[in-house]
Amino acid sequence: MNRITGRTGDDSLIEMSPTDSFSDEMNGYQQHASSSAGSLQQGQSGSPLMPDVCIETCESLNTSLASLATSDHSDTPQYETQTLEQISALTGIDKQKHSKDSVFFRDGRRRIDFVLSYVDDKDGERKQERRKLYEANLEKVGLELETEDKMESDDGKTYFVKIHAPWEVLATYADVLKIKVPFKANDIPDNSEMPMNWLSTPFRLPGHIMHPEPDYFTAPFNKDKSDFFLIGDKETFFPPSTRNRIVYYILSRCSYFRDECGDKDKKGIKRLLNNGTYNAAFPLHDSRYWIRSRDPSCESERYSLYKHWARFFSFFKEQPLNLIRKYYGEKIGIYFAWLGFYTEMLLFAAIVGTICFVYGFLTYDDNEWSKEICSAEIGGKIVMCPLCDKKCGYWKLNSTCNSSWQSHLFDNVGTVFFAIFMGIWVTLFLEFWKRRQARLEYEWDLVDFEEEQQQLQLRPEYETKCTNRKLNRITQEMEPYLPITSKCARTCLSGATVLFWISLIIACIIGVIAYRLAVYAAFASIMKDNPTTHLQVVGPLITPQLATSVTASCINFVIIMILNLMYERVAVWITDMEIPKTHLEYENKLTVKMFLFQFVNYYSSCFYVAFFKGKFVGYPGDYVYMFGKWSKLRNEECDPGGCLIELTTQLVIVMTGKQVWGNIQEALVPWLMNWWGSRKARSHPESLYSRWEQDHDLQVFGQLGLFYEYLEMVIQFGFITLFVASFPLAPLLALINNIIEVRVDSWKLTTQFRRPVAAKAHSIGAWQEILNGMAILSVVTNAFIVAFTSDMIPRLVYMYAYQPQGEMNMKGYINNSLSVFNISEFKLANRPEDGENPFWFNSSITTCRYRDYRYPPGHEKQYAHTMQFWHILAAKLAFIIIMEHVVFLVKFFVAWMIPDVPSDVRARVKRERYLVQEYLHNYEVEKLKIQLSQNNHGEECTCTPMIYPSLPKHEVLSECL
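Looking up the protein chain in an unreviewed UniProt entry gives the name Anoctamin, with the organism given as Sparus aurata. Its UniProt record, at the heading Sequence similarities (unreviewed entry), says of the protein chain: "Belongs to the anoctamin family."

What follows is the structure, encoded as structure tokens:
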């Protein structure tokens, strides 16, 4: 039997009790030793923890402990030291070596690869039966178990089952999972030295951190040819991340039913966690994050990651990607590699965006149209029509002076250049990432890792819920499948649910728009005589338009966050309902659902401001209403300076708010939960607060933990690409956020979460296609923003075709861009109420102006669009077509010019494949020669000695063969 329990034959405790003081710790060791001795006397000497010779010394041990306990100097340090020395001498147990802050079994040799925890409920007979069967089946597979009694835990209620995978099990499943292992040192010289490499010295980490392992050629492990591989020490040949991956593979497929029952549904650790049989299942961190482990056989890689990577003051250093991959697995390593590369590329976009913003600032004084708006002679004499019905009065154009100056910072010639630049930047980012990803695939042994290989690893939920079987034409084996009728029904229900939630988002956005329309009139009426208008600095900035925009953006942000919390649960539920076949298919389905929802949720308000606001307002004699005239919700108009500044406001609030809230949520919430959960154990010394209890008190990094990190970054990617023409500083904000994000993610993963189960991934998965789609869409959206949201095209048309003096300047543009309306033609429902008009308004004012290109009153085509309107529309459409074709042409040319796989990586891949074939051939030839030689000498044919001894064969889970 491989189980080692924390109780002896008479149920007496053999482990020390969790107490705070050192003297109590000593008493615990006395109890441990005496109980152990007593159990040995009762015939428990068969345990691998104690040699048989201990039976002979039990009597003397008990006598010595009794005399030590009754000593008059039991409270002195000398007594404590003497006690430890005598216990060590009598039992052969070194207290420091067997500290509970260890990742090994009590024998100090077998590594803990996984831990299960549970609480023994009073009414939990069924759970006890499940655990008994499950653990018995784990032992049948070959795993070794050791149980810590609940009295040894911090809360006195939790049992911990420690799991160790011996060599035979690891070798078997490494063969099944085709895990690559080294067979020869890499002999290809590394010529990656860059010129002026010394400049990057301050940003580099020590060599042993960046490259924790030598570079080898690797091949899929074959148990029958284990002497082909470079196996030195079998205990350390497979790194801990690979070990916990193999154990989790077994745990997720091991059953907990009796053979005679045959209930195939009762299978897997995930199901046992869901029904409460176990509380947690997790691999262990190898040390505390702030100090190295005292055990010299522990790698303390967690400490190294915290010291060189997870601290904020390392923000300017490179990331130790190889160490991250070794400790957490390839899937998490790929995420941080992508995030770091994305952040590096943002640096170039941020520099160019800042230059464009500075250009707008430096050309402040050349802004002729803003000068006309602010001029008392021009803007001060232009009377504008009311912006809402009844509650809004007439106003003068120069009241928008500040917003027109602000708009110039983002609405200038530099904006067009930056929009084109970002279209090309996106392509460079995606293409260079493919090259970086290809290099990582080679360095991390993922070149031949095809996603089809995941078909061998069906989701346990799929295997249990799909009772039908059919013949696989490739493997010629029976496999589970979901009938087409059931699949169609589940897909239709899933699609209908997604459409319903997207419709709910659109309804909420329409509600926010209705709010904007309804409260604008209220703000205009309230703020007309508000004392804030007399403030020297901020008074002119607080306008009804700004108040409406800011409050609506904040309400929209709150709605976004609430809907996110609700939809996350719904998306997981409907994805589970579809019963995806593999983990990859599950993640892809969930990714598409979540991204569609988040896309509509985060970007719909920006799309409204960019492409709908101010476009369908009508004119003073015939306004357009949102739900018809009965609703009295008149569509919003843009300021004379354009809607671009409002799009900028919307973008800044939603983007910045999401990033700030996300970082607070990611860092503060896990820290507070861990602080509260471990409040009792913080006072315990290291020897009492065991490694498994420390990790048990941390937060769970679930299967979808990485998914939400990708989603957060992809949403940010959309903000800096889809609407970047309205806010050139967006890449700079994203860069600052990502520098913090890398350290926040690394900090929380290293210090606040349990160690995740290692998983393989050779790319960022479905997110790559999503980024490609957003890159194409961004070219279209930015072209439309420049054409229809900004005033760039109308100004150019005016300067080149309609400037009265024929000069190449913008003089007279404001007067040209405003149409005239006869006040006497206002309908009663549109006229301002008495008392709403300003003091300067009188009966001598007979006309007002509005933003459009229409014929004046008295013209034979009065209030119809002028020819200039159609010229501007044609110019806008022409600009969109030209910009899209130019950017797409450059994008596709750049993508064609840059190969996805670097030439040196391609050469290394070919070299490795050649060596694998050559070495395997030579291995088989040598093996055959040995056998022929033995036959020629008349000896019996024997197999080549294996690297591991002949071990008892264990049952292997049938699902993985």
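Let's shift gears to the overall build of the protein chain. In terms of regular secondary structure, the protein chain is built from 28 helices and 14 strands. Counting only residues that meet the buried cut, the protein chain has 52% of its 961 residues in that class. Intrachain contacts of the protein chain at a sequence separation of at least 6 include 77% that bridge at least 24 residues. Accessible surface, the protein chain: about 44,900 Å² in total, of which carbon and sulfur atoms supply 60%.

For the structure shown, the criterion picks out 67 aromatic pairs. Ring centres 4.8 Å apart and planes at 90° place the aromatic pair Tyr-327 and Tyr-328 in the edge-to-face group. Both residues of the pair, Tyr-327 and Tyr-328, belong to the buried class. The interplanar angle of 35° and the centroid separation of 6.5 Å between the aromatic rings of Phe-612 and Phe-616 together place this pair among those described as tilted. Its end group placed over the ring of Trp-692, Lys-162 keeps NZ or CZ at 4.3 Å from the ring centre. Over the ring of Tyr-623 we find Arg-634, and its NZ or CZ is 3.5 Å from the ring centre.

A contiguous nonpolar surface patch, about 710 Å² in accessible area, is contributed by Phe-203, Phe-312, Phe-313, Phe-315, Phe-316, Ile-736 and Ile-740. Residue placement: Phe-315 occurs in the loop between helix H10 (301-310) and helix H11 (321-328). Owing to a relative accessible area of 40%, Phe-315 belongs among the partly exposed residues under this scheme.

Now for unusual backbone geometry. The backbone phi angle of Lys-178 is positive, close to 55°, even though this residue is not glycine. Along the chain, Lys-178 falls in the loop between helix H5 (167-176) and strand S4 (180-185). On the accessibility criterion, Lys-178 (44% relative accessible area) is partly exposed. The residue Ser-300 is not glycine, and still its phi comes out positive at about 55°. For Ser-300, the location among the structural elements is in the loop between strand S6 (280-282) and H10. You can call Ser-300 buried: its relative accessible area is 2%.

Turning our attention to the sheet that holds S6. Spatially, four strands are ordered S2-S3-S1-S6 in an open sheet, and the strand pairing comes out antiparallel. Strands with a single pairing partner mark the edges of an open sheet, and in this sheet they are strand S2 (144-148) and S6. With strand direction ignored, the average angle separating the axes of adjacent strands in the sheet is 20°. Examined bridge by bridge, strand S1 (residues 114-119) and S6 share three bridges and lie antiparallel to one another. By the bridge assignment for S6, Leu-116 is matched with Ala-281.

Glancing now at the nonpolar core. Among the nonpolar cores identified, the biggest contains 142 residues, and Trp-338, Tyr-342, Trp-425, Phe-429, Tyr-603, Phe-719 and Trp-767 are the most heavily contacted of them. Setting aside residues up to four positions removed in sequence, Trp-767 forms contacts with Thr-591, Phe-595, Phe-707, Tyr-710, Leu-711 and Val-714. Membership of the second largest hydrophobic core comes to 46 residues, among which are Leu-145, Val-161, Tyr-173 and Tyr-923.

Glancing now at the UniProt feature "transmembrane region" (unreviewed entry) in the protein chain. Mapped onto the present numbering, the UniProt feature "transmembrane region" (unreviewed entry) falls at residues 335-362, 413-433, 498-526, 546-567, 717-740, 770-789 and 877-898. Secondary structure content for residues 335-362 is 100% helix and 0% strand, and the end C-alpha separation is 40 Å. Helix makes up 100% of residues 546-567 and strand makes up 0%, while its end C-alpha atoms are separated by 31 Å.

Each value, and the rule that gives it
Residues numbered from 1 in each chain as written. Predicted model: local features only at pLDDT ≥ 70, side-chain atom pairs only at ≥ 80, totals over all residues. Heavy atoms only, no water. UniProt positions renumbered as here; feature names shortened; annotations may be inferred. Helix = DSSP H or I, 4+ residues; strand = E, 2+ residues; numbered from the N terminus. Buried < 20%, exposed > 50% of the residue type's maximum accessible area, 1.4 Å probe, protein only. Contact = heavy atoms within 4.5 Å. Areas by Shrake-Rupley, 256 points an atom, 1.4 Å probe, with all protein chains shown as cover. Phe/Tyr/Trp six-rings, centres within 6.5 Å; stacked < 30°, edge-to-face > 60°. Lys NZ or Arg CZ within 6 Å of the ring centre and 35° of its normal. Patch = residues over 30% accessible without salt bridge, like charges linked within 9 Å, V, L, I, M, F, W, Y side chains within 5 Å. Salt bridge = Lys/Arg side-chain N within 4 Å of Asp/Glu carboxyl O. Pairing = 2+ DSSP bridges. Axes fitted to C-alpha atoms, helices over the stretch in contact; angles between N-to-C directions. Core = buried A, V, L, I, M, F, W, Y, C linked by side-chain atoms within 4.5 Å.

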